[in-house]
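# Descriptive structure summary
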Amino acid sequence: MPDIRPEQNEEEPTVLSAYRQLAPRYHALIDKKPHNAYYDRPAVLSLLPDVRGLRVLDAGCGVGPYSQWLVEHGASVVAIDASPDMLTYARQRLGDRADIRQHDLAQPLDFLSDGSIDLVVSALVLDYLEDWLPTLGEFYRALKPGGLLVFSAGHPLDDYLLNEPENYFKTERVVELWAFGSPDARVPVPRYRRSFESLINPVIDAGFILERFHEHKPTAEYAQVDPEEYEKLSRQPGFCALRARK
């Protein structure tokens, strides 16, 4: 798991600056890094419907592993991310098989008309936003009636234990140091930790009906790569995922 450090006032890191540095490593490791390949991705994919023929928004696509899976399973994909560096690799991975756009999820999805999307997938992205409700409201608007939202996020219990905040109920910004394959070149990555109610209630407030809440468990492949972390994640969740319907 990433190291944690207190926030610093000088030269505050941003998500864009972090991914400017991390993009090459992320691209190189995303298909085999255990937290992604053997932990988050299997959990998120388990919550998806049959995507063949669906128009899907990959909200925060990164270097494109979910978009690749979606197009290979018959979906029409709109893939967005705020990081131009990550999108460079997404375009290499996907070519012209997806509609790839640079877009900040804190801004309205003004390129999507009402009721034009069947499914929104957003994997480990909402943690970068302090206020989820405007973004979830845009997902709701863009989804067709009966459309699905599936997203993953940091598990509130794990975030609480890692950060030891004075107030569990307060949504707060934390900075993690990510190695991503380079322990001697750790990159500060800012994100937000929040309580369970701050994770679930914005989904309800945006109008969604909750269908499933999932606490990740590591796969057998994880045990082969990192048995120590596998044992920890088998006892204590690191990520969680949710499926909701419009």
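### Thoughts on the confidence of the model for the chain
Per-residue pLDDT for the chain has a mean of 93; in total, 96% of the residues score no lower than 70. Taken as a whole, residues 1–10 scores under 50 in pLDDT and shows 23 contacts with residues more than four places along the chain or in a different chain.

### Here's the deal with the sheet that holds strand E3 (residues 76–81)
Across a sheet, strands are paired by hydrogen bonds formed along the backbone, either parallel or antiparallel in direction. The mixed open sheet is built from 7 strands, whose spatial order is E4-E3-E2-E5-E6-E10-E9. The open sheet is flanked by strand E4 (99–102) and strand E9 (209–215), the only strands paired with a single partner. Between one strand axis and the next, the sheet turns by 15 degrees as a mean value, whatever way the strands run. For strand E6 (residues 143–154) and strand E10 (residues 239–245), the ladder comprises 7 bridges, and the chain directions are antiparallel. Within the sheet, the bridge partner assigned to leucine 149 lies in E10 and is alanine 244. Across the sheet, helix H7 (residues 196–205) lies against E6, E9 and E10, angled at about 150 degrees from E9, the strand it touches most.

### Describing the environment of leucine 47
Mapped onto the secondary structure, leucine 47 falls in the loop between helix H2 (34–46) and strand E2 (55–59). Along the backbone, leucine 47 and alanine 241 are 194 residues apart, and their C-alpha atoms lie at a distance of 8.4 Å. If we skip the residues at most four places from it in the chain, leucine 47 touches Val150, Arg212, His214, Ala241, Leu242 and Arg243.

### Regarding H2
Helix length check: H2, at 13 residues, gives a terminal C-alpha distance of 17 Å against a target of 18 Å (1.5 Å per residue), a fit within 8%. When the local axis directions of H2 are compared, the greatest deviation, roughly 35 degrees, occurs at aspartate 40, which is followed within four positions by the proline proline 42. With 10 of 13 residues buried, H2 lies mostly within the body of the structure. Buried within H2 we find Pro34, His35, Asn36, Ala37, Tyr38, Tyr39, Asp40, Arg41, Ala43 and Val44.

Cut-offs and rules
- Residues numbered from 1 in each chain as written.
- Predicted model: local features only at pLDDT ≥ 70, side-chain atom pairs only at ≥ 80, totals over all residues.
- Heavy atoms only, no water.
- pLDDT = per-residue confidence, 0-100.
- Contact = heavy atoms within 4.5 Å.
- Pairing = 2+ DSSP bridges.
- Helix = DSSP H or I, 4+ residues; strand = E, 2+ residues; numbered from the N terminus.
- Axes fitted to C-alpha atoms, helices over the stretch in contact; angles between N-to-C directions.
- Expected span 1.5 Å × (residues − 1).
- Bend = angle between axes of the 7 residues up to and from the residue.
- Buried < 20%, exposed > 50% of the residue type's maximum accessible area, 1.4 Å probe, protein only.

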